[in-house]
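What follows is the residue order along each chain.
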Amino acid sequence: MAISLWENQTTIVEFVLRGFSSVRQLNIFLFMIFLVFYMLTVSGNILIVLLVLVSYHLHTPMYFFLVNLSFLEIWYTSNIVPKMLLIVIAEQKTISVAGCLTQFYFFGSLAATECLLLAVMSYDRYLAICQPLHYPILMTGPLCMRLAASSWLCCFFLTAITMVLLSQLTFCGPNEIDHFFCDFTPLVHLSCMDTSLTETIAYATSSAVTLVPFLLIMASYSCILVAILRIPSGTGRQKAFSTCSSHLTVVTVFYGTLIGTYLMPSANSSQLLHKGFSLLYTILTPMFNPIIYSLRNKDIHEALKKCLSKKSAFLR
């Protein structure tokens, strides 16, 4: 009987992303808002990358990792927002199974890479504040390259394991995903096969690349806090804290939205609330990162002034 029921099911070849609303006027408003946010995100992060590349005094470990983070945010947002804009304005809500799995793969890989990069950046701040005399010796160029490359390769490899397991699942309806992009949980729920192994491995890998970096970040900032409190002068404490306040703000926003999205019990949260938290870490967080890092950053301000002065001199 089970075999006959399986045979009567039709394997689907595309999904339908439901998006946000069926009201046309609201969709036009959402499209304009999301488009502006996307343009600000891409332009802001590109500006950070270009400023660091052309400014020699920004060629330090901290800004090297910041370039990695900005490049990641551009890729991360571009993986989701263009398709979301089509869903909102053109109502092209269908996406192939292969396209959906590909979008999830890059989403998962980049989100995990961001967790590791934030942990690496906290370690960099720990060495700079807690061991300032040894910092130039410890945080060398080759080490920075290895730390960044390891973050990227490790996360793309671990997500590939989940991706392979997902690709082996059969999806036989319904084919509607009540979301604006292809996330893991909605995908798994649409499968008509046993997904226990896939979910277990996905949970293990995601925990490894989110909780472990989070604990490392907390340990680093605990040491940083102790070191700052030991500084006798108030000016020295303020200067030391200012070097890591931007990173701490980004960590708080990023992990806060992740916790709100994935650790909140589904029984106590609506799908609309889940979409709202997802918007925070897919659109708003990448957009605010360049603002947070440049708002009180004198080095970025000086680099921007130099670039603008060179441009104005060239135009003359």
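About the cut-offs
Residues numbered from 1 in each chain as written. Predicted model: local features only at pLDDT ≥ 70, side-chain atom pairs only at ≥ 80, totals over all residues. Heavy atoms only, no water. Salt bridge = Lys/Arg side-chain N within 4 Å of Asp/Glu carboxyl O. Buried < 20%, exposed > 50% of the residue type's maximum accessible area, 1.4 Å probe, protein only. Helix = DSSP H or I, 4+ residues; strand = E, 2+ residues; numbered from the N terminus. Pairing = 2+ DSSP bridges. Contact = heavy atoms within 4.5 Å. Axes fitted to C-alpha atoms, helices over the stretch in contact; angles between N-to-C directions. Phe/Tyr/Trp six-rings, centres within 6.5 Å; stacked < 30°, edge-to-face > 60°.

1. Section: the pattern of salt bridges
- Using the criterion set out here, one finds three salt bridges in the structure.
- As a salt-bridge pair, Arg-125 and Asp-124 come within 2.9 Å of each other at their nearest N and O atoms. One exposure class covers both Arg-125 and Asp-124, and it is buried.
- The closest approach of N and O atoms between Asp-178 and Lys-275, which form a salt bridge, is 2.9 Å. With Asp-178 in the loop between strand S3 (176-177) and helix H8 (184-189) and Lys-275 in helix H11 (residues 271-295), this residue pair connects regions lying 97 residues apart in the sequence.
- Looking at Lys-275, the relative accessible area reads 7%, which means it is buried.

2. Some remarks on the sheet that holds strand S1 (residues 14-17)
- One open sheet holds the three strands; their spatial order is S2-S1-S3, and the pairing between them is mixed. Edge positions in the sheet fall to strand S2 (94-96) and S3, since each of these pairs with one other strand and no more.
- With two bridges joining them, S1 and S3 adopt parallel strand pairing. In the strand pairing of S3, Val-16 is matched with Glu-176.
- Sitting on the sheet, helix H5 (residues 97-130) touches S1, S2 and S3, and the angle it makes with S2 is about 85 degrees.

3. Considering the packing of aromatic side chains
- Scanning all chains against the criterion turns up 19 aromatic pairs.
- Ring centres of Tyr-105 and Phe-106 lie 5.4 Å apart, and the angle between their planes is 65 degrees; on these two criteria the pair is classed as edge-to-face.
- Of the residues examined, Tyr-105 reaches a relative accessible area of 17% and is grouped as buried.
- For Phe-106, a relative accessible area of 24% gives the class partly exposed.
- Ring geometry for Phe-106 against Phe-156: centres 6.4 Å apart, planes inclined by 70 degrees, an arrangement best described as edge-to-face.

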